[in-house]
Amino acid sequence: MRLDTEITDVGIYVQFFPFHLHRRFYPKASIQEIFVREYKPILEYGGYGIRYSFSGKAYNVRGKMGLQLKFKDGGKLLIGTQKMEEMEDILKRWKESAS
């Protein structure tokens, strides 16, 4: 399994291979809040992979750090990451470009 995440000026692309044959796109305009956080994969989502729970949807392969998205329609998505510092730097620039 491989989880690829790309953050661009217009939104976030995610592909969880081999489950997603094409990248999923989450437009910047649909995201209300976004931040990096620590999470508990077993307790919050019941494990790894593509998971659904009361906490929302999660794509995770390993680890306990993730990019939390909260959408304007009330939905939530957690995308696991092994590159927390890099993700935080990208998000800082992303949020500054929105100002």
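Scroll up for the structure.
Residues numbered from 1 in each chain as written. Predicted model: local features only at pLDDT ≥ 70, side-chain atom pairs only at ≥ 80, totals over all residues. Heavy atoms only, no water.

Draft legend 1. Molecular detail of the pairing of strand 8 (residues 76–80). Of all five residues in strand 8, four are buried, a share of seventy percent or more. Summarising the sheet, strand 6 (residues 56–60) and strand 8 pair through three bridges and their orientation is parallel. Bridge pairing in strand 8 links alanine 58 to leucine 78. Examined bridge by bridge, strand 7 (residues 65–71) and strand 8 share five bridges and lie antiparallel to one another. What sits directly across from lysine 70, in strand 8, is lysine 76. Here strand 7 hands over to strand 8 after four residues, with glycine 74 in that stretch at a positive phi of 100 degrees. (Buried < 20%, exposed > 50% of the residue type's maximum accessible area, 1.4 Å probe, protein only. Helix = DSSP H or I, 4+ residues; strand = E, 2+ residues; numbered from the N terminus. Pairing = 2+ DSSP bridges.)

Draft legend 2. Inspection of the sheet that holds strand 7 at higher detail. Spatially, 4-7-8-6-5 is the arrangement adopted by the five strands of the open sheet, whose pairing is mixed. Edge positions in the sheet fall to strand 4 (31–38) and strand 5 (49–53), since each of these pairs with one other strand and no more. Each strand axis lies, on average, 15 degrees off the axis of its neighbour in the sheet, ignoring direction. (Axes fitted to C-alpha atoms, helices over the stretch in contact; angles between N-to-C directions.)

Draft legend 3. Seen up close, the nonpolar core. Of all hydrophobic cores here, the largest spans 19 residues; its most connected members are Ile12, Ile34, Leu67, Leu69 and Ile79. Of all the elements in the fold, those that place two or more residues in this core are strand 1 (2–7), strand 2 (11–17), strand 4, strand 7, strand 8 and helix 2 (84–98). Sorting elements by how many residues they give to this core places strand 7 first, with four residues. Leucine 69 has contacts with Ile12, Tyr26, Ile31, Glu33, Ile34, Gly75, Lys76, Leu77 and Ile79, leaving out every residue within four places of it along the chain. (Core = buried A, V, L, I, M, F, W, Y, C linked by side-chain atoms within 4.5 Å. Contact = heavy atoms within 4.5 Å.)

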